[in-house]
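Here are the chains, one letter per residue:
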Amino acid sequence: MTVTLNGEPREVPPGTTVAQLVSQLTDQPTGVAAALNGEVLPRRTWAGTPLADRDQVEVVTAVQGG
């Protein structure tokens, strides 16, 4: 199935969760946020949130600087 990840189409297997998709981008344990179809998801729900065909996911990481 195809989802849009940060504006780019990506093929993922059916049953892929938000947590699995995020882990393809980063292994950072903190400083990561994910939104599914425009709604920010609490991290505790990522593993139990399966993606559907044509979902739109935005993943952002915090950047520290000064």
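Residues numbered from 1 in each chain as written. Predicted model: local features only at pLDDT ≥ 70, side-chain atom pairs only at ≥ 80, totals over all residues. Heavy atoms only, no water.

Before going further, it helps to examine the sheet that holds strand E3 (residues 32–36). Pairing in this open sheet of 5 strands is mixed, and the strands run E2-E1-E5-E3-E4 from one edge to the other. The sheet terminates laterally at strand E2 (8–11) and strand E4 (39–41), the two strands that pair on one side only. Strand-to-strand twist across the sheet, computed as the mean angle between neighbouring axes with direction ignored, equals 35°. When strand E1 (residues 2–5) meets E2, the two strands line up antiparallel, connected through 4 bridges. Within the sheet, the bridge partner assigned to Val 3 lies in E2 and is Arg 10. (Pairing = 2+ DSSP bridges. Helix = DSSP H or I, 4+ residues; strand = E, 2+ residues; numbered from the N terminus. Axes fitted to C-alpha atoms, helices over the stretch in contact; angles between N-to-C directions.)

Sheet analysis places E1 next to strand E5 (residues 56–61), joined by 2 bridges and oriented parallel. Each bridged residue has a counterpart across the sheet, and for Thr 4 the counterpart in E5 is Gln 56. Pairing of E3 with E5 involves 5 bridges; the strand directions are antiparallel. Counted as the bridge partner of Val 32 is Thr 61 from E5.

This next bit is on the environment of Asp 55. Position of Asp 55 relative to the elements: it lies in the loop between E4 and E5. The buried category is assigned to Asp 55, whose relative accessible area is 10%. When neighbours within four sequence positions are excluded, Asp 55 is seen to be in contact with Thr 2, Val 3, Thr 4, Leu 36, Asn 37 and Pro 50. A distance of 3.0 Å separates polar atoms of two side chains, one belonging to Asp 55 and the other to Asn 37. (Buried < 20%, exposed > 50% of the residue type's maximum accessible area, 1.4 Å probe, protein only. Contact = heavy atoms within 4.5 Å. Polar contact = N/O pair within 3.5 Å; in protein donor to acceptor, adjacent residues only side chain to side chain.)

Looking at the element boundaries, Gln 20 is found in helix H1 (residues 18–25). Its relative accessible area of 42% is what places Gln 20 among the partly exposed residues. Each C-alpha atom, one on Gln 20 and one on Val 59, is 12 Å from the other, the two residues being 39 residues apart in sequence. Of note is the side chain of Gln 20, whose polar atom sits 2.8 Å from the backbone nitrogen of Thr 17.

Geometric values such as these leave the question of function open.
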